[in-house]
Amino acid sequence: MSFGETPITLVGNLTDDPELKFTEGGAALAKFTIAVTPRTFDRTSNAWKDGTTAFYRCAAWRTLAEHVADSLKKGSRVVANGRMRQHDWTNEQGEKRSMLAVEIDDIGASVRFTTVTINAKRTGQNGSAGDDVWATGNNSAAGAADAEPPF
């Protein structure tokens, strides 16, 4: 993260299935919206009350985008970390427009109200399994498959 960026963590539900697209250069892009509704406990009525729902437009890139599209769907409760970004453009009528969106750095299913099954597949920086010593269960850096983890 660069200096001056606005970090944000969202806990909410996807409003629709992620939309996966590819740029002309071949980079994967997943677009989706996370609905976040704050809840407070009202002691006078002895009940939980929902606040106003905020909708955050989000984008994930490359391998993360593909994992989001393969793993999450409408209604999925997620915890997402990212950075607020402002996008400016001029519409067809020549009017200047802008919007805030969240560029997602990491996202996962929330297990607060449900359970999930993880299909773990670690990848290296370039997205290939070959860069990861855990990918095949063979820790060649340590010299043996049953060697202690490198931490």
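Only a predicted model underlies this, so the values are computations on that prediction, with no experimental measurement involved. (Residues numbered from 1 in each chain as written. Predicted model: local features only at pLDDT ≥ 70, side-chain atom pairs only at ≥ 80, totals over all residues. Heavy atoms only, no water.)

### Regarding the overall build of the protein
Right, on to step 1. For the protein, the count of helices and strands is 1 helix and 8 strands.
Right, on to step 2. Starting at the N terminus, the α and β elements of the protein follow one another as β-β-β-β-β-β-α-β-β.
Right, on to step 3. Considering the protein as a whole, with its 151 residues, one finds that 23% of them fall into the buried category. (Helix = DSSP H or I, 4+ residues; strand = E, 2+ residues; numbered from the N terminus. Buried < 20%, exposed > 50% of the residue type's maximum accessible area, 1.4 Å probe, protein only.)

### Considerations on the side chain of Glu5
Right, on to step 1. With respect to the secondary-structure elements, Glu5 resides in the segment before strand S1 (6-14).
Right, on to step 2. Separated by 3.4 Å, the side chains of Glu5 and Arg83 make a polar contact.
Right, on to step 3. For Glu5, the side chain forms a polar contact with the side chain of Arg85, separated by 2.7 Å.
Right, on to step 4. The contact partners of Glu5, leaving out residues within four places of it in the chain, are Arg83 and Arg85. (Polar contact = N/O pair within 3.5 Å; in protein donor to acceptor, adjacent residues only side chain to side chain. Contact = heavy atoms within 4.5 Å.)

### Notes on the confidence of the model for the protein
Right, on to step 1. Per-residue confidence for the protein gives a mean pLDDT of 86; residues scoring 70 or more make up 78%.
Right, on to step 2. Low confidence marks residues 138-142, where pLDDT is under 50. Its contacts with residues over four positions away, or in another chain, come to 10 contacts. (pLDDT = per-residue confidence, 0-100.)

### Some remarks on the nonpolar core
Right, on to step 1. The biggest cluster of nonpolar side chains holds 18 residues, and the ones touching the most others in it are Leu10, Phe32, Ile34, Cys58, Val68, Ile104 and Ile107.
Right, on to step 2. Within the residue set of this core, elements represented by two or more residues are S1, strand S3 (28-36), strand S6 (54-61), helix H1 (62-71), strand S7 (77-90) and strand S8 (96-109).
Right, on to step 3. Considering each element in turn, this core owes the most residues, 5 residues, to S3.
Right, on to step 4. Ignoring anything within four residues of it in the chain, the contact list for Ile104 reads Phe32, Cys58, Ala59, Ala60, Leu64, Ala80, Asn81 and Gly82. (Core = buried A, V, L, I, M, F, W, Y, C linked by side-chain atoms within 4.5 Å.)

### Observations concerning the side chain of Ser110
Right, on to step 1. Structurally, Ser110 can be placed in the segment after S8.
Right, on to step 2. Polar contacts involving the side chain of Ser110 include one to the main-chain amide nitrogen of Arg112, which spans 3.4 Å.
Right, on to step 3. Once you skip the residues sitting within four places of it in the chain, Ser110 turns out to touch Arg77, Val78 and Val79.

### Quick word on the pairing of strand S2 (residues 19-22)
Right, on to step 1. Sheet topology note: the S2/S3 ladder contains 4 bridges and is antiparallel. Note that in S3 the partner of Lys21 across the bridge is Leu29.
Right, on to step 2. Joining the antiparallel neighbours S2 and S3 is a turn of 5 residues, in which Gly26 adopts a positive phi near 95°. (Pairing = 2+ DSSP bridges.)

### With respect to the packing of aromatic side chains
Right, on to step 1. Here the structure, examined in full by the defined rule, presents 1 aromatic pair.
Right, on to step 2. For the ring pair Phe41 and Trp48, a centre distance of 5.3 Å and an interplane angle of 70° mean the geometry is edge-to-face.
Right, on to step 3. Among the residues examined, Phe41 registers a relative accessible area of 35% and is labelled partly exposed. (Phe/Tyr/Trp six-rings, centres within 6.5 Å; stacked < 30°, edge-to-face > 60°.)

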